[in-house]
Amino acid sequence: MTPEKNNLQEMPSAGKKIELLSVPGLSVNLQHSGKALELAASGTLKAACSPILKKMNARLREEKPALVQGDRVIASAWLPPIPGPAFKRLLFAEMQIALGKYVPETVSIELTRQNSARYPPGTVADELDVKTLKRVIDEALDLGAFIITFTENDPLLRDEVFELIEYVDKTRAIVNCSTWGTDFSKETALRLKEAGLHALMAGIYSTDPEEHDTARKSAGAYEKAVSAIKLGLDAGLMVAMTTHASPSNMQELPALYALAAELGVQEFSVWEAMPKTRDEPAVTDEDRKTILEMYHRINSDPKGPRMFANTYFEGQMLGAMAGRRWMHVTAEGDVKPSPYPPFSFGNVKEETLKDIWQRIRNCPYFQRQKSLSPMHDPEFLKFVDRIPPGAKLPYPFEEVCRN
């Protein structure tokens, strides 16, 4: 394996300016300050864009990027390259949000539930067909999405995944895809590269193979995940090793980062595990402090892969994204604010994504800024408490709002 160099030596030369966005009242340029990239705005709408540009510049100045390639920088596997057309859409989306119009910047899509821990072999879901999936992708892009993610379970078990990745207009959005490494080969990695995948997300829950296999409910799952990472890197893909931080594995995060560094991935991605009910264990504020300390320490060190943490990205930088900057489509077509809340706001087999997004945005809860994801928020868990015992999930959100 020969991972891409992760340094600042190949960034645009000092003094060079690149126009990223030009609309009536606003121009955003990218320039090299001599030490780091910097975004600068001008025009009558400058004030609307200033808060997000200030946050982005702080990250570009203080933290190492995930990857540097020639004259572009990828700050994180979860963000479009800078500069680039998808990053231009990010700026435009943030300008709209600053003016009060929220955009589903990330749309995550499930392709299958087959052979997953939650849905054992033999469970056949009413999966969306390719024609419907392509319509969903088009509608997501029309709404302003610049990140399309195929996620949950193992999307690569669906044969059409390569066709769908290729279908996404790369001038409008980047495409990420998660995998368990279930049936991953050298050919798989090369096909993902050819289809234009932005980043491969490979999940590892523990450095102990037995514990990982137990979490996946599949013998050999750990070795398959590690193999997928190695094959992805060998094919020239950007690879992020992902994990979920929970009360049971907080102490293992440093060892997981060490594994990510040993494998040579570009990013170690940590997401807070989401409880399904109020009574399940969840990360604490003290746990979040530990994650944030690790995040800042790792990203200020030029050595090793970058660390992504939704604890920072959602908690401090942008606020909770579910229903505000994020929308999720299940394998059966139900639309949720993110993968985690057990509620459906509509189904793409019956309605357009635009109409469903508007229904989410009309919900008073999602009109308020939050620093906690819904399943960590006591206010939102009151809705979860109203789901009748044994009810089929995801449950229609309008039903719990009537009570």
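Residues numbered from 1 in each chain as written. Predicted model: local features only at pLDDT ≥ 70, side-chain atom pairs only at ≥ 80, totals over all residues. Heavy atoms only, no water.

Participant: Could you give an account of the overall build of the protein chain, naming the residues involved and the relevant values?
Facilitator: When you go through the protein chain residue by residue, the secondary structure sums to 13 helices and 16 strands. Relative to the compact-globule value of 22 Å for 403 residues, the protein chain shows a C-alpha radius of gyration of 20 Å, a close match. In terms of overall dimensions, the protein chain has C-alpha extents of about 60 × 45 × 45 Å along its principal axes. Residues classed as buried in the protein chain amount to 57% of the 403 residues present. In the protein chain, the proportion of contacts linking residues at least 24 apart, taken out of those at least 6 apart, comes to 66%. A total accessible area of about 17400 Å² is found for the protein chain, and carbon and sulfur atoms account for 51% of it. The centroid of the 49 positive side-chain charges in the protein chain is displaced by 6 Å from the centroid of its 54 negative side-chain charges. (Helix = DSSP H or I, 4+ residues; strand = E, 2+ residues; numbered from the N terminus. Rg over C-alpha atoms; globule rule 2.2 N^0.38 Å. Buried < 20%, exposed > 50% of the residue type's maximum accessible area, 1.4 Å probe, protein only. Contact = heavy atoms within 4.5 Å. Areas by Shrake-Rupley, 256 points an atom, 1.4 Å probe, with all protein chains shown as cover. Lys, Arg positive; Asp, Glu negative; His and termini not counted. Charge placed at Lys NZ, Arg CZ, Asp CG, Glu CD.)

Participant: Got a sec to walk through empty space enclosed by the protein? Specific residues and values, please.
Facilitator: Counted according to the given criterion, the structure contains one cavity of 30 Å³ or more. Lining the largest cavity, in full, are M274, E314, A322, W326, S338, Y340, P341, S373, P374 and M375. Split into classes, the residues belonging to the lining of the largest cavity amount to seven nonpolar, two polar and one charged. (1 Å grid on protein atoms, 1.4 Å probe; cavity = no way out; pocket = protein on both sides within 12 Å on 5 of 7 lines; lining within 4 Å. Points joined across faces, edges and corners; volume = space filled by probe spheres on them. Nonpolar A, V, L, I, M, F, W, Y, C, P; charged D, E, K, R; others polar.)

Participant: Let's hear about the sheet that holds strand 10 (residues 239-245): which residues, and what values?
Facilitator: Across the sheet, which stays open at both edges, the nine strands sit in the order 12-11-10-9-8-7-6-13-14 with mixed pairing between neighbours. In this open sheet, the two strands that pair with only one neighbour each are strand 12 (306-309) and strand 14 (335-336). As paired elements, strand 13 (residues 326-329) and strand 14 share two bridges and run antiparallel to each other. Counterpart to H328 in the pairing with strand 14 is K336. (Pairing = 2+ DSSP bridges.)

Participant: So what about the nonpolar core? Which residues, and what values?
Facilitator: Counting 126 residues, the largest nonpolar core has I109, I148, F150, M241 and F343 as its most contacted members. Ranked by the residues each element gives to this core, the list is headed by helix 2 (residues 85-98), at seven residues. Filtering out sequence-adjacent residues up to four positions away, I109 remains in contact with L133, V136, I137, I148, T149, F150, T151, H328 and V329. (Core = buried A, V, L, I, M, F, W, Y, C linked by side-chain atoms within 4.5 Å.)

Participant: How would you summarise the environment of W326 if you had to cite specific residues and measurements?
Facilitator: Mapping W326 onto the fold places it in strand 13. Counting along the chain gives 45 residues from W326 to S371, while the straight-line C-alpha distance between them is 14 Å. Setting aside its immediate chain neighbours within four residues, W326 contacts P104, T106, S108, W271, E314, M321, P337, S338, P339, Y340 and W357. Reaching out from W326, the side chain makes a polar contact with the side chain of S108 at a distance of 3.0 Å. (Polar contact = N/O pair within 3.5 Å; in protein donor to acceptor, adjacent residues only side chain to side chain.)

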